[in-house]
Amino acid sequence: MAKKNKTAYVCTECGADYAQWQGQCMACGEWNTLKEFKVTSAKSSQTRGTAAGYSGASEKAVYSIADVSLAEVPRITSCLSELDRVLGGGIVPGSVVLIGGDPGVGKSSLLLQISCLLSQAHSVLYVTGEESLQQVAMRAKRMELPDEALRLLTETDVESIVVAAEKEQPKVMIIDSIQTMQLAEVTSAAGGVSQVRESTAYLTRFAKQNNVMVFLVGHVTKSGEVAGPRVLEHIVDSVLFLEGQSDSRFRTLRAIKNRFGAVNELGVFAMTDKGMKQIKNPSAIFLSRAEEPSPGSVVMVLWEGSRPLLVEIQALVDESPYGAPKRVTVGLDYNRMAMLLAVLHRHAGVQANDQDVYVNVVGGVKVSETSADLAVLCAVVSSLRNRLLPQDLIVFGEVGLSGEIRPVSSGQERIFEAAKHGFKRAIVPMANVPKDGVSGMEVQGVTSLQQALNLL
């Protein structure tokens, strides 16, 4: 006999289930994150799976891992090399990719552009739950995209979408957006925790069993996370974030999860009236420095995924009129900067306890690695002493609590990249100095913070 529907409570942060509501989730420790969730009956779940062409109740064969083929999974290109880089070399058949970002950042435009380009060689189904067919067609015409072969569907019911997809048999399917999708058997409204979770799981099963590549558009919350339960990011294969500032036309696409490639890969685009334009040399954009040099500016080399990226670090140090000096960072971890200022005082004798310190990474780039430590301190000292740093100088290295300069990964590749852009001097960790030197560049290795400041 079929089981009756029952109510469960799901944590929006970690996805843990509970039989009754409670104030705190015991799995992740968060408060007031449990939301009501209707569990569908076993009979209805089996019927739904059969209607969608699934064979969940049928007997499954069990294989030995030695019998599993290790042949490389074929990928197809997205027609945008920057997106292929972030995905790890292309789109994997049967994969589910979630793309998140702030409103108006260009998520729908990017996916519409990809859909039109892919439709020239593959069957593509673009499903929109936010716009009408006329609005999508008008946007494609405005962007001058080849949209003759693109198939459109305006629908929010997931079961109807799957039925249409089985009829169309697309190779690629776009869902814009997952927060507008809903299942009839789930009682909550579209965009709720249970609707987003079940709709994503339903589409993921369809993608895996039919070898369809699915892209999901996800809204974000005020804190910058994908709206819906945290378990949503665990269901999909890849999670990409499209970021950009409102006053800049440049957009960065970053992978924070990827089952088929490296994470933290970075793709750079420019938003134009014709869609997303790929930026082949992003370092040239982030190095557009002021004509008149000023103290507190230095260039460093980040390592983003599989390529180096040159960015400018700016610091402004000014006497504080208040008892508690300000510490402000943009694109850099606040706690990291506070620690570096303590190291600067203890091991270099440079005191900034009575100064307001502002640090900015130019171009909206977010620095998460420790290779920027030495560049940040050099920029701070330059602004504090009001002394210019050479325009052809690059600096990178990790600073330890005892004032030592530690080596960073891919150090020599960073130096070679800087030499290609015309930099003539480099202050780097001693262990990262190339043995054979670099043509046209003076590379100076340092082992301590005091030694680096003496060179400046």
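Source: prediction; values computed, not measured.

## Considering the overall build of the protein
Part 1 of the argument: Of regular secondary structure, the protein possesses twelve helices and 21 strands.
Part 2 of the argument: A principal-axis box enclosing the C-alpha atoms of the protein has dimensions of 80 × 55 × 50 Å.
Part 3 of the argument: Expressed as a percentage of its 456 residues, the buried residues of the protein come to 49%.
Part 4 of the argument: As displayed, the protein offers around 21800 Å² of accessible surface, 50% of which is attributable to carbon and sulfur atoms.
Part 5 of the argument: Both charge centroids of the protein, one from 45 positive and one from 48 negative side chains, sit 3 Å from each other.

## Re the side chain of S109
Part 1 of the argument: Its location among the elements puts S109 in helix 3 (residues 107–118).
Part 2 of the argument: Classification of S109 as buried rests on a relative accessible area of 15%.
Part 3 of the argument: Filtering out sequence-adjacent residues up to four positions away, S109 remains in contact with R139 and M143.

## As for helix 11 (residues 411–420)
Part 1 of the argument: By the burial criterion, the buried members of helix 11 are G411, R414, I415, E417 and A418. For helix 11, the angular spread of buried residues about the axis comes to 160°, placing them on one side.
Part 2 of the argument: The inward-facing, buried residues of helix 11 contact helix 8 (282–286), strand 13 (297–304), strand 14 (307–319), strand 17 (393–395), strand 20 (425–429) and strand 21 (442–446).
Part 3 of the argument: Once helix 11 ends, the next one or two residues include G422, with phi positive near 90°.

## Observations regarding the packing of helix 5 (residues 158–168) against helix 6 (residues 193–210)
Part 1 of the argument: Packing of helix 5 against helix 6 leaves a shortest axis separation of 10 Å and a crossing angle of 15°. Taken together, the axis directions place helix 5 and helix 6 in an arrangement best described as roughly parallel. Where helix 5 crosses over helix 6, the handedness of that crossing is right-handed. Every residue of helix 6 that contacts helix 5 at V158, E159, V162, A165 and E166 is listed here: S199, Y202, L203 and F206.
Part 2 of the argument: In terms of residue class, the contact of helix 5 with helix 6 is built from six nonpolar, one polar and two charged.

## A closer look at empty space enclosed by the protein
Part 1 of the argument: Going through the model one piece at a time under the given rule, you end up with one cavity of 30 Å³ or more.
Part 2 of the argument: What the largest cavity holds in volume is close to 60 Å³.
Part 3 of the argument: Along the walls of the largest cavity sit R75, L87, G90, I91, V92, S95, V96, V97, D237, S238, N258 and F260, which together make up its complete lining.
Part 4 of the argument: Taken together, the residues of the lining of the largest cavity sort by class into six nonpolar, four polar and two charged.

## Points about the nonpolar core
Part 1 of the argument: Of all hydrophobic cores here, the largest spans 61 residues; its most connected members are I313, L344, V359, L374, V380 and L449.
Part 2 of the argument: With residues up to four places along the chain from it excluded, the contact list for V359 reads I313, Q314, A315, V328, T329, V330, L332, M337, V376 and V380.
Part 3 of the argument: Residues V97, L112, Y126 and L242 belong to the second largest nonpolar core, which totals 33 residues.

## A few points about the environment of K107
Part 1 of the argument: Turning to its location among the elements, K107 is positioned in helix 3.
Part 2 of the argument: Spatially, the C-alpha atom of K107 lies 9.6 Å from that of H219, the residues being 112 residues apart in sequence.
Part 3 of the argument: Excluding residues within four positions of it along the chain, K107 makes contact with I99, G100, G101, D102, V217, G218 and L242.
Part 4 of the argument: Separated by 3.2 Å, the side chain of K107 and the backbone oxygen of G101 make a polar contact.
Part 5 of the argument: Of note is the side chain of K107, whose polar atom sits 3.1 Å from the backbone oxygen of D102.

## Side note on the packing of aromatic side chains
Part 1 of the argument: Summed over the entire model, instances satisfying the criterion amount to zero aromatic pairs.
Part 2 of the argument: In this structure, R414 packs its charged tip against the face of F396, placed 5.8 Å from the ring centre.

## Things to note about a nonpolar patch on the surface
Part 1 of the argument: Together, Y63, I65 and V68 line one region of the surface with nonpolar side chains, adding up to about 400 Å² of accessible area.
Part 2 of the argument: Examined against the element boundaries, I65 turns out to sit in the loop between helix 1 (42–51) and helix 2 (81–87).

## A word on the confidence of the model for the protein
Part 1 of the argument: For the protein, per-residue confidence averages 86 on the pLDDT scale, and residues scoring 70 or more make up 90% of the total.
Part 2 of the argument: Here residues 41–57 scores under 50 on pLDDT; set against residues more than four positions off or in separate chains, the count is 26 contacts.

## Re the sheet that holds strand 11 (residues 266–272)
Part 1 of the argument: Strand order in the open sheet formed by nine strands is 6-5-7-8-4-9-10-11-12, with mixed pairing between adjacent strands. Looking at which strands have only one partner, the edges of the open sheet turn out to be strand 6 (151–154) and strand 12 (275–278). In this sheet, neighbouring strand axes are inclined to one another by 25° on average, regardless of whether the strands run parallel or antiparallel.

## Considerations on the pairing of strand 7 (residues 172–176)
Looking along a regular strand, one sees side chains alternate from face to face of the sheet.
Part 1 of the argument: The buried fraction of strand 7 amounts to five of the five residues, a majority that puts the element mostly inside the structure.
Part 2 of the argument: Of the two faces of strand 7, the one holding V172, I174 and D176 and the one holding M173 and I175 are both buried throughout.
Part 3 of the argument: Where strand 5 (residues 124–128) and strand 7 come together, five bridges link them in parallel fashion. What sits directly across from T128, in strand 7, is D176.
Part 4 of the argument: Summarising the sheet, strand 7 and strand 8 (residues 213–218) pair through four bridges and their orientation is parallel. For I175, the partnering residue across the bridge sits in strand 8 and is L216.
Part 5 of the argument: Regarding topology, helix 6 serves as the crossover connection from strand 7 to the parallel strand 8, and that connection is right-handed.

## As for the layout of surface pockets
Part 1 of the argument: Approximately 560 Å³ is the volume found for the largest pocket.
Part 2 of the argument: What lines the largest pocket is a set of 26 residues, and nearest its centre among them are E243, G244, T252, G364 and K366.
Part 3 of the argument: Within the residue set of the lining of the largest pocket, elements represented by two or more residues are strand 9 (238–243) and strand 10 (250–258).
Part 4 of the argument: For the lining of the largest pocket, the class distribution of residues is ten nonpolar, eleven polar and five charged.

## Side note on the pattern of salt bridges
A side chain with one charge can pair with a side chain of the opposite charge if their charged atoms come near.
Part 1 of the argument: The final tally for this structure, using the stated rule, is eleven salt bridges.
Part 2 of the argument: Between R307 and E82 there is a salt bridge whose closest N-O contact spans 3.0 Å. Of this pair, R307 sits in strand 14 while E82 sits in helix 2, and the two are 225 residues apart along the sequence.
Part 3 of the argument: Among the residues examined, R307 registers a relative accessible area of 11% and is labelled buried.
Part 4 of the argument: For E82, a relative accessible area of 3% gives the class buried.
Part 5 of the argument: The residue D373 makes a salt bridge to R336 at a minimum N-O spacing of 2.4 Å. Of this pair, D373 sits in helix 10 (residues 373–385) while R336 sits in helix 9 (residues 334–348), and the two are 37 residues apart along the sequence.
Part 6 of the argument: Residue D373 is classed as buried on the basis of its relative accessible area of 2%.
Part 7 of the argument: Residue R336 is classed as partly exposed on the basis of its relative accessible area, which comes to 22%.
Part 8 of the argument: Here the residues in one salt-bridge network are K208, D237 and R259, joined through shared partners.

Parameters at a glance
- Residues numbered from 1 in each chain as written.
- Predicted model: local features only at pLDDT ≥ 70, side-chain atom pairs only at ≥ 80, totals over all residues.
- Heavy atoms only, no water.
- Helix = DSSP H or I, 4+ residues; strand = E, 2+ residues; numbered from the N terminus.
- Buried < 20%, exposed > 50% of the residue type's maximum accessible area, 1.4 Å probe, protein only.
- Areas by Shrake-Rupley, 256 points an atom, 1.4 Å probe, with all protein chains shown as cover.
- Lys, Arg positive; Asp, Glu negative; His and termini not counted.
- Charge placed at Lys NZ, Arg CZ, Asp CG, Glu CD.
- Contact = heavy atoms within 4.5 Å.
- Arc of directions from axis to C-beta.
- Axes fitted to C-alpha atoms, helices over the stretch in contact; angles between N-to-C directions.
- Parallel < 35°, antiparallel > 145°, perpendicular 65-115°, else oblique.
- Left-handed = near helix turned anticlockwise from the far one by under 90°.
- Nonpolar A, V, L, I, M, F, W, Y, C, P; charged D, E, K, R; others polar.
- 1 Å grid on protein atoms, 1.4 Å probe; cavity = no way out; pocket = protein on both sides within 12 Å on 5 of 7 lines; lining within 4 Å.
- Points joined across faces, edges and corners; volume = space filled by probe spheres on them.
- Core = buried A, V, L, I, M, F, W, Y, C linked by side-chain atoms within 4.5 Å.
- Polar contact = N/O pair within 3.5 Å; in protein donor to acceptor, adjacent residues only side chain to side chain.
- Phe/Tyr/Trp six-rings, centres within 6.5 Å; stacked < 30°, edge-to-face > 60°.
- Lys NZ or Arg CZ within 6 Å of the ring centre and 35° of its normal.
- Patch = residues over 30% accessible without salt bridge, like charges linked within 9 Å, V, L, I, M, F, W, Y side chains within 5 Å.
- Salt bridge = Lys/Arg side-chain N within 4 Å of Asp/Glu carboxyl O.
- pLDDT = per-residue confidence, 0-100.
- Pairing = 2+ DSSP bridges.
- Right-handed = clockwise from strand over helix to strand, strands pointing away.

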